[in-house]
Amino acid sequence: MWKEEDNKLTKTFEFKDFTEAFGFMCKVAIEAEKMNHHPNWSNVWNRVSFELTTHDAGNTVTEKDRKLAEIIDQLA
């Protein structure tokens, strides 16, 4: 479940290993580029963490963030 705090949607996903986590990141990157809406994210071994916010809307959560979060969930 995505958590909304400090004007960000946050969530961490855990995978079997680094390769699976990195593959997931590649899929997300393609979708984010299509939307021209890029996440703040980090990867440590089998975990990928996201912070979604819309910078050009004053660093607040917008419908763009909610849509990207929905896509990310589908890709996971």
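The structure we're discussing is the one just above.
All values derive from a computational prediction rather than experimental measurement.

Draft legend 1. Fine view of the packing of helix H1 (residues 18–35) against helix H2 (residues 63–75). Look at H1 against H2: their axes get within 10 Å of each other, and the N-to-C directions meet at 150°. Put simply, H1 runs roughly antiparallel to H2. In terms of crossing hand, the pair formed by H1 and H2 is right-handed. Taking contact as the criterion, the partners of Phe 24, Lys 27, Val 28, Glu 31, Ala 32 and Met 35 in H1 are, on H2, Lys 64, Lys 67, Leu 68, Ile 71, Ile 72 and Leu 75.

Draft legend 2. Representation of the sheet that holds strand S3 (residues 40–44) within the structure. Ordered in space as S1-S2-S4-S3, the 4 strands form an open sheet in which the pairing is antiparallel. Each end of this open sheet is capped by a strand with a single partner; those strands are strand S1 (3–5) and S3. Recorded for the sheet is a direction-independent mean angle of 20° between the axes of neighbouring strands. The sheet contact formed by S3 and strand S4 (residues 47–52) spans 5 bridges and is antiparallel. From the neighbouring strand, Trp 41 faces S4, where its bridge partner is Phe 50. Where H2 meets the sheet, it contacts S1, strand S2 (8–14) and S4, and its direction lies at approximately 10° from that of S2.

Draft legend 3. Molecular detail of the nonpolar core. In terms of nonpolar packing, the biggest core is built from 16 residues, with Trp 2, Phe 13, Phe 24, Val 48, Phe 50, Leu 52 and Ile 72 touching the most fellow members. Mapped by element, the contributors of at least two residues to this core are S2, H1, S4 and H2. With 5 residues, the single largest contributor to this core is H1. Once residues within four sequence positions are removed from consideration, Val 48 is found in contact with Lys 11, Thr 12, Phe 13, Phe 15, Ala 21, Phe 24, Met 25, Trp 41, Ser 42 and Asn 43.

Draft legend 4. Quick look at the pattern of salt bridges. Scanning the model with the defined rule gives 7 salt bridges in all. Residues Lys 3 and Glu 5 are paired through a salt bridge, measuring 3.7 Å at the closest nitrogen-oxygen approach. Close ionic contact of Lys 8 with Glu 51 constitutes a salt bridge, the shortest N to O distance being 3.8 Å. In this pair, Lys 8 sits in strand S2 while Glu 51 sits in strand S4, placing the two residues 43 residues apart along the sequence.

Parameters at a glance
- Residues numbered from 1 in each chain as written.
- Predicted model: local features only at pLDDT ≥ 70, side-chain atom pairs only at ≥ 80, totals over all residues.
- Heavy atoms only, no water.
- Axes fitted to C-alpha atoms, helices over the stretch in contact; angles between N-to-C directions.
- Helix = DSSP H or I, 4+ residues; strand = E, 2+ residues; numbered from the N terminus.
- Parallel < 35°, antiparallel > 145°, perpendicular 65-115°, else oblique.
- Left-handed = near helix turned anticlockwise from the far one by under 90°.
- Contact = heavy atoms within 4.5 Å.
- Pairing = 2+ DSSP bridges.
- Core = buried A, V, L, I, M, F, W, Y, C linked by side-chain atoms within 4.5 Å.
- Buried < 20%, exposed > 50% of the residue type's maximum accessible area, 1.4 Å probe, protein only.
- Salt bridge = Lys/Arg side-chain N within 4 Å of Asp/Glu carboxyl O.

Read these as spatial facts, not as claims about activity.
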